[in-house]
Amino acid sequence: MGETDARLRPSGGIDDQPIRDAATVIVVRDAATGPRVLMGQRGESAAFMPNKVVFPGGAVDAADRDVPLACPLSPACARRLTAEADPALAGALAAAAIRELWEETGLILGRPGAWPGPAPKGWRGFAASGHLPSPEGFHFIFRAITPPGRPRRFDARFFLVEAEALASDPDDFSLAEDELSQLQWIPLAEVRRFNLPFITEVVLAEVSQLIRGGLPPASVPFFDNRDSVSRFQRLA
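Residues numbered from 1 in each chain as written. Predicted model: local features only at pLDDT ≥ 70, side-chain atom pairs only at ≥ 80, totals over all residues. Heavy atoms only, no water.

The protein chain is annotated in an unreviewed UniProt entry as NUDIX domain-containing protein of Rhodovulum visakhapatnamense.

Shown next, in the form of structure tokens:
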């Protein structure tokens, strides 16, 4: 179960849904020649964004805070992640992104290594692969809080990483769980013909600009919808 920062709860009683910290990972392949992004389709019965084509991602679990990372996040990435958030959350967000990618696609962002002790629930399969989770190459590129009135609400951070960082075959989804179907590498030039959430379209526009202009980003867009007033800022 993900943990909620009380500062991010909407005020005035407009919405009683808790806002859960969440992480999403955008894996880009062939960025220099013909960029493709890894996406899958959510099920028809999903409570949040049914039938939508999305990036792998989900809520931060309590165990993600204590997972040993093979390397730290870059200082700039960690600094922006902690803006208006718990400073201890940065590593947990990176871990959650790696775990969700593993669960939903079977792909590994990790380095070979032994865990210092038994892996917690949710991480046992990943640990059994002989890898420690690694956020090497992660770029924090986007943040968005789900507006009030939705069946689920998340404070989602989006990470971009190139497929070269994968420690597994990028075309082998055999270990994926069934949360996402039709896993595929979609050409960036064609992705908007799919059934996308609005915020995913906005993020994809940012991804396109970053691929053309280079990484890391100069600042991170933040769509702050924690209450009835929608705010936009950039985390510098």
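Picking up where we left off.
(A) Expanded view of the overall build of the protein chain. Looking only at helices and strands, the protein chain features 4 helices and 11 strands. For a compact globule of 236 residues, the expected C-alpha radius of gyration is about 18 Å, and the protein chain comes in at 17 Å, within 12% of that figure. A principal-axis box enclosing the C-alpha atoms of the protein chain has dimensions of 50 × 40 × 40 Å. In the protein chain, which comprises 236 residues, the share counted as buried stands at 49%. Look at the contacts in the protein chain between residues 6 or more apart in sequence, and 67% of them connect residues 24 or more apart. When the accessible surface of the protein chain is split by element, carbon and sulfur atoms take 52% of a total near 10700 Å². Positive and negative side-chain charges of the protein chain, numbering 25 and 30 respectively, have mean locations separated by a distance of 5 Å. (Helix = DSSP H or I, 4+ residues; strand = E, 2+ residues; numbered from the N terminus. Rg over C-alpha atoms; globule rule 2.2 N^0.38 Å. Buried < 20%, exposed > 50% of the residue type's maximum accessible area, 1.4 Å probe, protein only. Contact = heavy atoms within 4.5 Å. Areas by Shrake-Rupley, 256 points an atom, 1.4 Å probe, with all protein chains shown as cover. Lys, Arg positive; Asp, Glu negative; His and termini not counted. Charge placed at Lys NZ, Arg CZ, Asp CG, Glu CD.)

(B) Inspection of the environment of Leu73 at higher detail. Checked against the element boundaries, Leu73 lands in the loop between β4 (57-59) and α1 (75-81). Each C-alpha atom, one on Leu73 and one on Val25, is 14 Å from the other, the two residues being 48 residues apart in sequence. The contact partners of Leu73, leaving out residues within four places of it in the chain, are Ala78, Leu81, Ala90, Gly91, Ala94, Pro135 and Phe138.

(C) Highlighting the side chain of Asp155. Structurally, the position occupied by Asp155 is in strand β8 (residues 153-162). With a relative accessible area of 0%, Asp155 lands in the buried category. Separated by 2.8 Å, the side chains of Asp155 and Arg143 make a polar contact. (Polar contact = N/O pair within 3.5 Å; in protein donor to acceptor, adjacent residues only side chain to side chain.)

(D) Fine view of the pairing of strand β11 (residues 231-235). Pairing geometry for strand β10 (residues 220-224) and β11, over 5 bridges, is antiparallel. Looking at the pairing, Pro221 lines up with Arg234 of β11. Between the end of β10 and the start of β11, which pair antiparallel, lie 6 residues. (Pairing = 2+ DSSP bridges.)

(E) Focus on the pattern of salt bridges. Considering all chains together, one arrives at 17 salt bridges under this definition. Residues Arg111 and Glu136 are paired through a salt bridge, measuring 2.9 Å at the closest nitrogen-oxygen approach. You can see Arg111 sitting in strand β5 (residues 110-112) and its partner Glu136 sitting in the loop between β6 (131-133) and β7 (139-145), a full 25 residues away along the chain. The partly exposed category is assigned to Arg111, whose relative accessible area is 33%. Glu136 gets classed as partly exposed once you look at its relative accessible area, which sits at 45%. Connected through shared salt-bridge partners, Asp61, Asp64, Arg99, Glu100 and Glu103 make up one network. (Salt bridge = Lys/Arg side-chain N within 4 Å of Asp/Glu carboxyl O.)

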